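Geometric and topological summary
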Amino acid sequence: MQAIVSLDRPITYTGAELRSLWAYETFGIPGDNIALFAGPCSVATERLVDTADRLAGDTIEAARMLHVIIEHFDDSLECAILRQRLLIAIIKDELTTLGVQRLLRRGDDIYQDDRKLTVSIATKSPVSTLIHTGINIDPAGAPVPACGLAEFGVDHAVLAERVAEAYLSEIESAAVARTKVRGVP
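What you are looking at is a predicted structure, and each value in this text was computed from that prediction instead of being measured.

Quick look at the sheet that holds strand β7 (residues 118-124) now. If you walk across this open sheet you meet the 5 strands as β1-β2-β3-β8-β7, and the pairing is mixed. Sheet topology places β1 (2-6) and β7 at the edges, where each strand pairs with a single neighbour. Each strand axis lies, on average, 25° off the axis of its neighbour in the sheet, ignoring direction. Across 5 bridges, β1 lies against strand β2 (residues 33-43) in parallel orientation. Its bridge partner lying in β2, Ile 4 is registered against Ala 35. Along the sheet face, helix α3 (residues 77-97) touches β3 (60-72), β7 and β8 (129-138) and points at about 25° away from the line of β8.

Let us look at the sheet that holds strand β5 (residues 109-112). Hydrogen bonding along the main chain pairs the strands of a sheet, whether they run parallel or antiparallel. Taken in spatial order, the 3 strands of this open sheet run β4-β5-β6, and their pairing is antiparallel. One side of each edge strand has no neighbouring strand; the edge strands of this open sheet are β4 (103-106) and β6 (115-116). As paired strands, β4 and β5 are joined by 4 bridges and run antiparallel to one another. Counterpart to Leu 104 in the pairing with β5 is Tyr 111.

Let us now look at the state of the cysteines. For the structure on display, the rule yields 0 disulfides. The thiol of Cys 41 is unpaired, and the distance to the nearest cysteine sulfur, on Cys 147, comes to 15 Å. The class for Cys 41 is buried, based on a relative accessible area of 2%.

What follows concerns a nonpolar patch on the surface. A contiguous nonpolar patch, built from Leu 21, Tyr 24, Phe 73 and Val 127 and spanning about 340 Å² of accessible area, is present on the exposed surface. Note on placement: Phe 73 falls in the loop between β3 and α3. A relative accessible area of 34% means that Phe 73 is categorised as partly exposed.

Residues Leu 87, Ile 91, Leu 95, Leu 117 and Leu 159 are the most contacted members of the largest nonpolar core, which totals 32 residues. Mapped onto this core, the elements with two or more residues apiece are β2, β3, α3, β8, α4 (149-152) and α5 (156-179). In terms of residue count, α5 provides more of this core than any other element does, 8 residues in total. Not counting chain neighbours up to four residues away, the residues in contact with Leu 117 comprise Leu 95, Leu 103, Ile 110, Tyr 111, Gly 134, Ile 135, Asn 136, Cys 147, Gly 148, Leu 149 and Phe 152. By size, the runner-up hydrophobic cluster in this structure holds 16 residues, among which are Ile 11, Leu 48, Met 65 and Leu 130.

Tallied over the full model, the rule gives 2 aromatic pairs. Seen from their ring centres, Trp 22 and Phe 27 are 5.4 Å apart, and the 85° between their planes marks the pair as edge-to-face. Taking 5.2 Å as the distance between ring centres and 45° as the angle between the ring planes, the aromatic pair formed by Trp 22 and Phe 37 counts as tilted. Note that Trp 22 is positioned in helix α1 (residues 22-27) and Phe 37 in strand β2, a separation of 15 residues in sequence. Taking relative accessible area as the criterion, Trp 22 reaches 4% and is therefore assigned buried. On the basis of relative accessibility, which here comes to 0%, the residue Phe 37 falls in the buried class. Sitting over the face of the ring of Tyr 111, Arg 106 holds its NZ or CZ atom 4.2 Å from the ring centroid.

Conventions used here
Residues numbered from 1 in each chain as written. Predicted model: local features only at pLDDT ≥ 70, side-chain atom pairs only at ≥ 80, totals over all residues. Heavy atoms only, no water. Pairing = 2+ DSSP bridges. Helix = DSSP H or I, 4+ residues; strand = E, 2+ residues; numbered from the N terminus. Axes fitted to C-alpha atoms, helices over the stretch in contact; angles between N-to-C directions. Contact = heavy atoms within 4.5 Å. Disulfide = S-S within 2.5 Å. Buried < 20%, exposed > 50% of the residue type's maximum accessible area, 1.4 Å probe, protein only. Patch = residues over 30% accessible without salt bridge, like charges linked within 9 Å, V, L, I, M, F, W, Y side chains within 5 Å. Areas by Shrake-Rupley, 256 points an atom, 1.4 Å probe, with all protein chains shown as cover. Salt bridge = Lys/Arg side-chain N within 4 Å of Asp/Glu carboxyl O. Core = buried A, V, L, I, M, F, W, Y, C linked by side-chain atoms within 4.5 Å. Phe/Tyr/Trp six-rings, centres within 6.5 Å; stacked < 30°, edge-to-face > 60°. Lys NZ or Arg CZ within 6 Å of the ring centre and 35° of its normal.

As structure tokens, then:
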């Protein structure tokens, strides 16, 4: 698995980026990968992957987010959802280590009190499973009460590096764990 942290230019997340081979086409990273970048978020209702949100006419908006897109070349949506929850737990742990208080993980999202810090979805393509998580840097324009990294004094570049490293470590550790156990009858 490879990681790319690309913070040199803003990339707007519209939902179209959540597709197979996006990181390969955009950054030249083939295979399983985690790509982190920052930029605005503007996901129209018709682009939403969550059917309940789409049927409700929701949108996702924020002036600036740290975006994480993960692609694994397997076909288990359940595994992708569990990886998504792992990613959210990693983000919460890293933010706590960086001094952010009163964070609460509810499923696949992180809140501070009743203000939403993240958006996240896991889905499946014909060739891979995909995760997108957006972490508000500046939540201006969000359609719900929201908070952001700037308010907490967290440097999103530092968080990006820490999250990428921790996720890669967990995935590599799981791969090693899988190879050292014997089967049972």
